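Notes for the structure review
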Amino acid sequence: MVIEVGYWGLRGLGEPIRLVLRHSGADWKDTVIPCTEEGFKKWFGETKENLGLDFPNLPYLIDGDVKLTETLAILRYLGRKFDMMPVDAAKGDMVEQTIMDHRMQLGRMSYNPDFEKLKPAYLEKLKVHVERLTKFMGDGPFLFGDKVTYIDIMAYDFLQCARLLSPESFGASMISYLDRIANLPKIKEWLASEDCTHKTYTFHYPTKATWPGAPAQGS
Amino acid sequence: SGAEWKDVPISCTEEGDQKWFGEMKFGMGLDFPNLPYMIDGDLKLTQSVAILRYLGRKFDMMPPDVARGDMVEQAIMDIRQFLGNISYSPQFDILKPVYLDKLRVHIESLTNFMGDGPFLFGDKVTYIDFMAYAFLLCHRALSPENLEGPIDAYIGRVANLPRIKEWLESEECTDRIYYFHYPRAHCTWPGAPGPGP
């Protein structure tokens, strides 16, 4: 049974899901909704309401009879499926939510016409966020010690977005953590591959975001 | 739940602000200092959803289907956050129609999902029902015309759970005095308490 994931052709909220699937080695299908007028119209005009989703949205996941939407619901589902759950459920939820909260702030700001005005206050929050995650993790190597969890994969992609905006906000410790995730064998393979979408995908919808977060040259 | 608990309200005043930001926030041993927080013995948590899930596990209020539970939890959270964001925005009036469109879809999806209920996941009351209840009251305060029909009956069922009913009828029920949002000057729609259920 092939797991299908549908999402826009960008990183946004969906990329951690794709990365978890790559890391797992499972057979999966990447259904990309193009960020074009045509793609937009097809999704909203046809597909969205016809997939049998209870709460139609992107990203979606279809795994046999299971049809899910909501990024975190999908990530937790895959986390349980691939043994990538944190041992301490409560702390796991807290870190998951903290990371999501921060990414949503960055996302809202990125689509806001007042992006430049909002950026300084955001950068203050980013500083605190990086500090607290670094402190929480201690020696790591991952957020919850030795075990890689879906939350690490979320943290990776979401922090890479913040890092693109403000590389100076990332100290050695956090950069080492991000490198450790990037070096997980299947992630490493993916990042080095010819068609790695991280070379081309923006973080946000290119024609609608004030700051789309286009990939840095040569990364 | 009937559990013994302590309600520590941080007052929505300058004094309250100073107390939280000046003393409490960074002095409580929270990994990710924020409100709401919860302390249960050695466990210190922040993040609403993390706290709700912790209590859900503790009080046997978890949905039987975990994946669908997570999906509904997030769908409910999503639109509540959207409302929260626009409520604090100077662009509230421009954004309200967008919110109302989303709300209508949300209510329909929720109602269809629940079917006969009586609760979101059938007979078992889950922490997600309380999230839904509290958040739907906020949506209703802004737009009562969209909260009629089956969803209104659902709200009534949660409100009639014995200890909830007792609370709502009590002298000190804060629903009569609490706003939905922090009634600061820049909050366009603070969601003042209505005349009552």
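Just so you know, these numbers come straight off a predicted model, no measurement behind them.

**Thoughts on the packing of aromatic side chains**
This model, assessed by the stated rule, comprises 12 aromatic pairs over all chains. Judged by centre distance (4.7 Å) and plane angle (50°), the rings of A:Phe40 and A:Phe44 are tilted. One end of the pair, A:Phe40, and the other, A:Phe44, are both in helix H2 (residues 37-47), four residues apart, so they sit about a helical turn from each other. Under the relative-accessibility criterion, A:Phe40 is labelled partly exposed at 28%. Geometrically, the ring pair formed by A:Phe115 and A:Trp211 is stacked, given 6.2 Å between the ring centres and 10° between the ring planes. Highlighted residues: A:Phe115 in helix H5 (residues 115-137) and A:Trp211 in the segment after helix H8 (185-192), separated in sequence by 96 residues. A:Trp211 matches A:Phe115 in its accessibility class, with the two residues each being buried. The cationic tip of A:Arg103 hangs over the ring face of A:Phe158; the distance from NZ or CZ to the ring centre is 5.6 Å. The ring of B:Phe135 is capped by B:Arg80, whose NZ or CZ atom sits 5.6 Å from the centre of that ring.

**Quick word on empty space enclosed by the protein**
For the structure on display, the rule yields two cavities of 30 Å³ or more. Surrounding the largest cavity, A:Ile99, A:His102, A:Arg103, A:Leu106, A:His129, A:Phe158 and A:Leu159 form its lining. Put simply, the parts of the chain that give the lining of the largest cavity at least two residues each are helix H4 (89-110) and helix H6 (150-165) of chain A. With four residues, the single largest contributor to the lining of the largest cavity is H4(A). Counted by class, the lining of the largest cavity contains four nonpolar, two polar and one charged residues. The calculated volume of the second largest cavity comes to roughly 30 Å³. Every residue lining the second largest cavity is listed: B:Ile76, B:Ile79, B:His106, B:Leu110, B:Ala132, B:Phe135, B:Leu136 and B:His139. Of all the secondary-structure elements, those providing two or more residues to the lining of the second largest cavity are helix H3 (66-87), helix H4 (92-114) and helix H5 (127-142) of chain B.

**Section: the interface of chain A and chain B**
The partner chain B presents 30 residues to the 25 residues of chain A that form the contact. Roughly 2500 Å² of surface becomes buried between chain A and chain B when both sides are summed, with 59% attributable to carbon and sulfur atoms. When residues of chain A are sorted by the area they lose upon contact with chain B, A:Phe55, A:Met94 and A:Arg132 head the list and together hold 27% of the total. Scanning the region where chain A abuts chain B turns up seven salt bridges. Put simply, chain A and chain B have eight residue pairs in polar contact (both at pLDDT 80 or more) between them. Mapped onto the side of chain A that touches chain B, the elements with two or more residues apiece are strand E4 (66-69), helix H3 (71-81), H4 and H5 of chain A. When its residues are assigned to classes, the side of chain A that touches chain B shows 11 nonpolar, four polar and 10 charged.

**Side note on the confidence of the model for chain B**
Taken residue by residue, chain B gives an average pLDDT of 96. The fraction at 70 or more is 98%. In the model output, the complex is listed with pTM 0.97 alongside ipTM 0.96.

**With respect to the packing of helix H1 (residues 15-24) of chain A against H8(A)**
Residues and elements named next belong to chain A. At a minimum axis separation of 8 Å, H1 and H8 run at an interaxial angle of 115°. Seen from above, H1 lies across H8 with right-handed handedness. Counted together, Glu 15, Leu 19, Arg 22 and His 23 of H1 and Lys 186, Ile 187 and Trp 190 of H8 form the full contact between these two elements. For the contact of H1 with H8, the class distribution of residues is three nonpolar, one polar and three charged.

**Comments concerning unusual backbone geometry**
Residue A:Pro59 is bonded to the preceding A:Leu58 through a cis peptide linkage, with omega at -5°. You can see A:Pro59 is positioned in the loop between H2 and strand E3 (60-63). Positioned with a positive phi, A:Asp83 is a non-glycine residue whose angle comes to about 55°. By the element assignment, A:Asp83 lies in the loop between H3 and H4. For A:Asp83, a relative accessible area of 54% corresponds to the exposed category. Even without a glycine there, the phi angle at B:Gln47 is positive, about 85°. Mapped onto the elements of the fold, B:Gln47 is located in the loop between strand E2 (43-46) and helix H2 (48-58). The class for B:Gln47 is buried, based on a relative accessible area of 8%.

Here is what the cut-offs are and how they apply
- Residues numbered from 1 in each chain as written.
- Chains lettered and ligands numbered in written order.
- Predicted model: local features only at pLDDT ≥ 70, side-chain atom pairs only at ≥ 80, totals over all residues.
- Heavy atoms only, no water.
- Phe/Tyr/Trp six-rings, centres within 6.5 Å; stacked < 30°, edge-to-face > 60°.
- Helix = DSSP H or I, 4+ residues; strand = E, 2+ residues; numbered from the N terminus.
- Buried < 20%, exposed > 50% of the residue type's maximum accessible area, 1.4 Å probe, protein only.
- Lys NZ or Arg CZ within 6 Å of the ring centre and 35° of its normal.
- 1 Å grid on protein atoms, 1.4 Å probe; cavity = no way out; pocket = protein on both sides within 12 Å on 5 of 7 lines; lining within 4 Å.
- Points joined across faces, edges and corners; volume = space filled by probe spheres on them.
- Nonpolar A, V, L, I, M, F, W, Y, C, P; charged D, E, K, R; others polar.
- Contact = heavy atoms within 4.5 Å.
- Buried area = accessible area lost by both parts, 1.4 Å probe.
- Salt bridge = Lys/Arg side-chain N within 4 Å of Asp/Glu carboxyl O.
- Polar contact = N/O pair within 3.5 Å; in protein donor to acceptor, adjacent residues only side chain to side chain.
- pLDDT = per-residue confidence, 0-100.
- Axes fitted to C-alpha atoms, helices over the stretch in contact; angles between N-to-C directions.
- Left-handed = near helix turned anticlockwise from the far one by under 90°.

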